[in-house]
Amino acid sequence: MQQVDVAVVGAGVIGLAVALELRSRGLSVAVADKNDPVREASWAAGGMLAVDDPENPAPLRPLSAWSRDLYPEFLARIEQHSNLLVPIRTHRALQGAHEGGSSPEALNALKEIGLSPQGYAWALQDEGSLDPRDLGAALHAACTHTDVSIRSHCTVDTLAREGAGWRLHTVGGGGDIFAGRVVLCTGSWAGPRNLPVFPRKGQMMAVEMGVPLDTVVRTPEIYLIPRGDGRVVIGATIEDAGYDKTVHNADIAALQARAVKLFPPAAQAPIVETWAGLRPATHDGLPLIGAVEEGLYAATGHYRNGIQLAAATARAIGLQLTGESLPIDMQAYAVNRTFTPVFAQPS
Ligand SMILES: Cc1cc2nc3c(=O)[nH]c(=O)nc-3n(C[C@H](O)[C@H](O)[C@H](O)COP(=O)(O)OP(=O)(O)OC[C@H]3O[C@@H](n4cnc5c(N)ncnc54)[C@H](O)[C@@H]3O)c2cc1C
């Protein structure tokens, strides 16, 4: 039986970021994923580091601001251990809202890229974006190079206390894992402790844009994320469809029509890829980060912002496991909090 200080269940961006943080604190770490690493939400994401998106719930702000501050250090550590670059692909975002006025800088930026205001109030935000597949590949390599053990196609189906630690019963290979502590990073899946999370599906597309675009353009209805190499990611639907990840042509056509309304050159842009992913949602739109019970932690429910929140989530779990104090109040994200619902329970 494999014995480690900490077992991490789930190898998405959150699980791997947590694993790397714990490893850098000198702990031995094993990660198990029921699939291949970084093939679920973390592979499907747009990659906007959208700290100031007005759609974010207000209580998310302290965590997202902390994560923004940690991000350069987070990427530097990943790049150092992986020898892979995770380029920041855009450096600003135009945010359209239904209320308020437009700033002069935003109107100038709109003009520069050939957009008309279309009735939105625009703000120009100092916000980056990256390709989550760059991040996932680099995180995976960084974990591997620092001797984090990663098991693919290994489902953790039950957890039981054993002595001072936990026995993780696994299905799919490698046998059970015995760990002093466990962190559940199971994304949209409730996992072995039935965490209060559920999936919200997002369908996405990438086009080869024939004209230059160097700015993320985002409204409550649609967003365009340039990758800096001619591709532009357009998203996304928000659906309660269980664990279904089917891509529907009609939904993709509707996304493209909305993008064309905002940015007319998208009409001529050939579609190069379509896909769907499952955002890990909670009923109040805030993540679950912290202790579930003695020796058992969760880091999940990051909904639309898990790429942006990965740096602070990993640091928070690292500080909590080593008994250090945190620079922000984490009560809003506590696993055992009372939820104030913002989403209806999907049927
Ligand atoms: C369409 C779309 C667009 C998005 N855009 C953005 C964006 O622009 N910016 C941003 O910050 N975020 C964005 N997100 C959100 C972001 O992708 C997620 O919040 C983040 O990826 C969650 O990471 P995770 O590791 O918790 O989940 P996941 O990546 O889903 O990983 C969870 C892992 O746990 C594994 N697992 C589950 N149960 C078990 C088990 N019992 N045993 C073993 N393994 C298990 C799964 O196989 C999976 O690999 C987007 C998401 C979607 C779907």
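So, how was this worked out
- Residues numbered from 1 in each chain as written.
- Predicted model: local features only at pLDDT ≥ 70, side-chain atom pairs only at ≥ 80, totals over all residues.
- Heavy atoms only, no water.
- Near = heavy atom within 4 Å.
- Polar contact = N/O pair within 3.5 Å; in protein donor to acceptor, adjacent residues only side chain to side chain.
- Areas by Shrake-Rupley, 256 points an atom, 1.4 Å probe, with all protein chains shown as cover.
- Helix = DSSP H or I, 4+ residues; strand = E, 2+ residues; numbered from the N terminus.
- Buried < 20%, exposed > 50% of the residue type's maximum accessible area, 1.4 Å probe, protein only.
- Pairing = 2+ DSSP bridges.
- Domains from an automatic or database assignment.
- Contact = heavy atoms within 4.5 Å.
- Buried area = accessible area lost by both parts, 1.4 Å probe.
- Salt bridge = Lys/Arg side-chain N within 4 Å of Asp/Glu carboxyl O.
- Nonpolar A, V, L, I, M, F, W, Y, C, P; charged D, E, K, R; others polar.
- 1 Å grid on protein atoms, 1.4 Å probe; cavity = no way out; pocket = protein on both sides within 12 Å on 5 of 7 lines; lining within 4 Å.
- Points joined across faces, edges and corners; volume = space filled by probe spheres on them.

## A few points about the site of the ligand
Line of reasoning, step 1. Near the ligand, the surroundings consist of 38 residues, among which Asp33, Ser42, Met48, Tyr303 and Arg304 are the closest.
Line of reasoning, step 2. Between Asp33 and the ligand, the recorded distance is 2.6 Å, taken from a side-chain N or O atom to an oxygen atom.
Line of reasoning, step 3. In isolation the ligand has 1,000 Å² of accessible area, and contact with the protein removes 98% of it.
Line of reasoning, step 4. The set of elements that each furnish at least two residues to the shell around the ligand consists of α1 (13-24), α2 (41-44), β8 (155-162), β11 (198-208), β15 (271-281) and α7 (306-321).
Line of reasoning, step 5. The greatest single-element share of the shell around the ligand, amounting to four residues, is contributed by β15.

## Brief notes about the pairing of strand β14 (residues 231-235)
Line of reasoning, step 1. Among the five residues that make up β14, four are buried, leaving the element largely enclosed by the rest of the structure.
Line of reasoning, step 2. Bridge analysis of β11 against β14 gives five bridges, and the strand direction is antiparallel. Paired with Met205 across the two strands is Ile234, which belongs to β14.
Line of reasoning, step 3. Linkage of strand β13 (residues 223-226) to β14, two consecutive antiparallel strands, is achieved through a turn of four residues, within which Gly228 is found at a positive phi near 85 degrees.

## Points about the domain arrangement of the protein chain
Line of reasoning, step 1. Looking at the protein chain, the domain boundaries give domain 1 (1-89 + 128-196 + 282-347) and domain 2 (92-126 + 198-278).
Line of reasoning, step 2. Put simply, the middle of domain 1 and the middle of domain 2, counted by C-alpha atoms, are 27 Å apart.
Line of reasoning, step 3. Contact residues are listed per partner, giving 27 residues for domain 1 and 25 residues for domain 2.
Line of reasoning, step 4. Summed over both sides, the interface between domain 1 and domain 2 buries roughly 2,200 Å², with carbon and sulfur atoms accounting for 53% of that surface.
Line of reasoning, step 5. Our count for the domain 1 to domain 2 interface comes out at five salt bridges.
Line of reasoning, step 6. Put simply, Glu273 and Arg133 hold a salt bridge, and the shortest N to O gap is 3.1 Å.
Line of reasoning, step 7. Contributing elements (two or more residues each) for the side of domain 1 that touches domain 2: α2, β6 (129-130) and α5 (132-145).
Line of reasoning, step 8. If you tally residues by element for the side of domain 1 that touches domain 2, the top one is α2, at three residues.
Line of reasoning, step 9. Partitioning the side of domain 1 that touches domain 2 into residue classes produces 13 nonpolar, six polar and eight charged.

## Re the layout of surface pockets
Line of reasoning, step 1. Of the voids in this model, the second largest pocket is the one considered here, and its volume is about 370 Å³.
Line of reasoning, step 2. Looking at the lining of the second largest pocket residue by residue, the classes come out as 12 nonpolar, eight polar and eight charged.
Line of reasoning, step 3. Both domain 1 (1-89 + 128-196 + 282-347) and domain 2 (92-126 + 198-278) contribute no fewer than three residues apiece to the lining of the second largest pocket.

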